[in-house]
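Structure assessment
Now for the letters of each chain:
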Amino acid sequence: MTHTLIYPNSTRHNERGHLEIGGCDVVELAEKFGTPLFIYDEEAVRDQCRRYLEAFSSRTDDFEVIYASKAFSAVAMLQIVDQEGLSLDVSAGGEYHTALVAGFPRERIFFHGNNKTRGELEYALENGVGFVVADSFMELDLLEELCAARGLRQKILLRITPGVHAETHSYIQTGQEDSKFGFGLVEGIALEAIRRAHTSEYLELVGLHAHIGSQIFSMEGFQRAIEVLVGLIKDAHDQIGWSCRYLNAGGGLGIRYTEEDSPATVDEYAEVKVRGLEEAMTRVGLPVPRVLVEPGRSLVGKAGVTAYRVGTIKEVPGIRTFVAVDGGMSDNIRPMLYEAKYEAMLANKADEPEDTLVTVAGKHCESGDILIRDIEIAKPEAGDVLVMPSTGAYAYAMASNYNGNPRPAVVLVKEGQAQLIVERETYGDLVARQRPLEGGQAGDR
Ligand code: LLP
């Protein structure tokens, strides 16, 4: 079995030579639920939640692991995360709504966003959100106005841009000074924001937050971000008399998409966050705040795979063989947006030698709709089921209806049982909110 690094641990080849995940034959799942199909191994998600909790609880009593639901926000997934005892990060009103539908305890929800609208904030406040992570002076003003009108005192954190460069794709770096997110440190802006929030009648400033980026393998950036935040906490203590009770150090731990990737482990990540914070706080002589982390990708990424059906196979003599599948950029935009690399295999030919070099193309009307360039798989034929691993984060979450493709179904597998948690969209869904031209059909004219 060569695939354990990038597939869920329950993955195996069964007696029929098919790929099996969570005790379910992937070829059967593709037949039963159709393709493209997202398949999540429930135990893999739960294991990863527990791995995080254990990594932190073995180092400190005062911590919270917050699932960044933007990675994959679905009611059933949020319920799993809640059962495992994690908290939740939502980044828009719709994610908050999904959390409410899932029955997620509101007091453990953190509401993020660099431009939360008045409507989103009203929705969150009226539905008892635990924490708002405020991003700008304008948002502080708006929050105060909304809280004052409702007689509320809202717990908030401030998002700080620590001026730290994370080694990852530039589109998913967020900690640098030149960023649309948060309060920067130059010219005392962050300190001013702390002063402003701390003196507010309607806001209770409980802590600071920083997220430097995503798909990060090296721990250095996290360490530096903590040091910068602790410097700010010290200044705020000395100059304003404010004490920081929560330090939310963001998410960002990378995962393996290909066997060559080598991200840090959850343990190494926890070590930096917990010890790094303790050491830095000890140096400035202040009590250690509760440490919060906010992983998305590393909780659900490896637990999910996508199954596609192979259609057209086109050989360009002497150049390459395109194997087109029945999805692509509308269910996984990551290869096109971030040049993300993935691997793949044929689920119905799991025991066959992987000796055919192909390029896996999507079905959308764009030359750039290529999921994987140059990969060796078993000899492909139309009707094969091609599986791409490590698609559990930011694939379904960023799906679109481009070219009129309905969004795929999502199933949860466990001990040989498959549960549909998101239905496949229908053609009817595509036009359900559309209205015909007033004054009759175009054909009438
Ligand atoms: N907290 C905040 C405030 C965030 O902005 C994010 C991710 C996270 C936590 C979770 O980060 P993670 O642990 O998943 O790295 N669509 C991109 C990733 C964008 C991440 C945005 N923020 C991708 O597909 O790579």
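Keep in mind that what you see is a predicted model, and the values were worked out from it rather than measured. (Residues numbered from 1 in each chain as written. Predicted model: local features only at pLDDT ≥ 70, side-chain atom pairs only at ≥ 80, totals over all residues. Heavy atoms only, no water.)

Right, let's get into the overall build of the chain. Counting its secondary structure elements, the chain contains twelve helices and 21 strands. Relative to the compact-globule value of 22 Å for 445 residues, the chain shows a C-alpha radius of gyration of 23 Å, a close match. With respect to the three principal axes, the spread of C-alpha positions in the chain is 70 × 60 × 40 Å. Considering the chain as a whole, with its 445 residues, one finds that 55% of them fall into the buried category. Put simply, 69% of the contacts in the chain that link residues at least 6 apart link residues at least 24 apart. Per element, the accessible surface of the chain, about 19,000 Å² overall, is 47% carbon and sulfur. Seen as two clouds, the 44 positive and the 67 negative side-chain charges of the chain have centres 2 Å apart. (Helix = DSSP H or I, 4+ residues; strand = E, 2+ residues; numbered from the N terminus. Rg over C-alpha atoms; globule rule 2.2 N^0.38 Å. Buried < 20%, exposed > 50% of the residue type's maximum accessible area, 1.4 Å probe, protein only. Contact = heavy atoms within 4.5 Å. Areas by Shrake-Rupley, 256 points an atom, 1.4 Å probe, with all protein chains shown as cover. Lys, Arg positive; Asp, Glu negative; His and termini not counted. Charge placed at Lys NZ, Arg CZ, Asp CG, Glu CD.)

What follows covers helix α4 (residues 93-101). Spacing of three or four residues puts side chains on the same side of an α-helix, whose turn is 3.6 residues. Within the sequence span of α4, burial applies to G93, E95, Y96, T98, A99 and L100. Against α3 (75-83), β6 (87-90), β7 (109-111) and α5 (118-126) lie the buried residues of α4. With its phi angle positive at about 75°, G103 sits one or two positions after the end of α4.

What surrounds the ligand is a group of 20 residues, the closest being S214, E294, R334, Y338 and Y394. The contact in question runs from an oxygen atom of the ligand to an N or O atom on the backbone of G296, over 2.9 Å. Taking 590 Å² as the accessible area of the ligand by itself, protein coverage stands at 92%. Split by residue class, the shell around the ligand holds six nonpolar, eight polar and six charged. Looking at which domains feed residues into the shell around the ligand, each of domain 1 (12-41 + 301-431) and domain 2 (112-295) supplies at least three. (Near = heavy atom within 4 Å. Polar contact = N/O pair within 3.5 Å; in protein donor to acceptor, adjacent residues only side chain to side chain. Nonpolar A, V, L, I, M, F, W, Y, C, P; charged D, E, K, R; others polar. Domains from an automatic or database assignment.)

All right, on to unusual backbone geometry then. With an omega of -5°, the peptide bond between T35 and P36 qualifies as cis. Along the polypeptide, P36 turns up in the loop between α1 (26-33) and β4 (37-41). Even without glycine at this site, D374 takes up a positive phi of about 60°. Mapped onto the fold, D374 is located in strand β18 (residues 370-377). Relative accessible area serves as the criterion here: at 44%, D374 is assigned to the partly exposed category. For E415, which is not glycine, the phi torsion reads 45° and is therefore positive.

A separate point is the domain arrangement of the chain. Split into domains, the chain comes out as domain 1 (12-41 + 301-431) and domain 2 (112-295). Here the C-alpha centre of domain 2 lies 36 Å away from the C-alpha centre of domain 1. If you look at the interface, domain 1 gives ten residues, while domain 2 gives ten residues. Both faces considered, domain 1 and domain 2 share a buried interface measuring about 870 Å² in area, 58% of it formed by carbon and sulfur atoms. When residues of domain 1 are sorted by the area they lose upon contact with domain 2, Y338, E343 and S390 head the list and together hold 49% of the total. The interface formed by domain 1 and domain 2 contains two residue pairs in polar contact (both at pLDDT 80 or more). Residue classes in the side of domain 1 that touches domain 2 are distributed as four nonpolar, two polar and four charged. (Buried area = accessible area lost by both parts, 1.4 Å probe.)

In terms of nonpolar packing, the biggest core is built from 94 residues, with F56, Y67, F72, I156, L158, L208 and V300 touching the most fellow members. No other element matches the nine residues that helix α8 (residues 220-240) contributes to this core. Counting contributing residues per domain, this core is built from domain 1 (12-41 + 301-431) and domain 2 (112-295), each supplying no fewer than three. (Core = buried A, V, L, I, M, F, W, Y, C linked by side-chain atoms within 4.5 Å.)

Below, the discussion takes up the environment of E28. On the secondary structure map, E28 appears in helix α1. In sequence terms E28 and V385 are 357 residues apart; their C-alpha atoms lie 9.9 Å from each other.

Within the open sheet, the three strands sit side by side as β1-β2-β3. Their pairing is antiparallel. Looking at the sheet topology across the chains shown, the edges are occupied by β1 (12-13) and β3 (24-25). Strand direction decides the pairing type here: strand β2 (residues 19-21) and β3, joined by two bridges, are antiparallel. Bridging across to β3, I21 finds its partner in C24. (Pairing = 2+ DSSP bridges.)

Quick look at the packing of aromatic side chains now. One pass over the full model with this rule turns up 13 aromatic pairs. When the centroid spacing of 5.6 Å and the interplanar angle of 85° are considered together, the rings of F38 and Y396 count as edge-to-face. Separated by 358 residues along the polypeptide, F38 in strand β4 and Y396 in the loop between β19 (385-388) and β20 (409-414) bring together distant segments of the chain. An identical accessibility class is assigned to F38 and Y396; each is buried. Centre to centre, the rings of F137 and F183 are 5.1 Å apart; their planes meet at 75°, and the pair counts as edge-to-face. Of this pair, F137 sits in helix α6 (residues 137-150) while F183 sits in strand β10 (residues 183-184), placing them 46 residues apart in sequence. Relative accessible area serves as the criterion here: at 31%, F137 is assigned to the partly exposed category. A relative accessible area of 3% means that F183 is categorised as buried. A network of ring pairs unites the aromatic residues Y52, F56, F63, F222 and Y269 as a single cluster. Its end group placed over the ring of F222, K273 keeps NZ or CZ at 4.2 Å from the ring centre. (Phe/Tyr/Trp six-rings, centres within 6.5 Å; stacked < 30°, edge-to-face > 60°. Lys NZ or Arg CZ within 6 Å of the ring centre and 35° of its normal.)

With respect to the helices, strands and loops of the structure, T306 is situated in strand β14 (residues 304-316). According to the relative accessible area criterion, T306 is buried, its value standing at 0%. One polar contact links T306 to T391, side chain to side chain, over a distance of 2.7 Å. Setting aside anything within four residues of it in sequence, one finds T306 in contact with P36, L37, F38, D331, L386, V387, M388 and T391.

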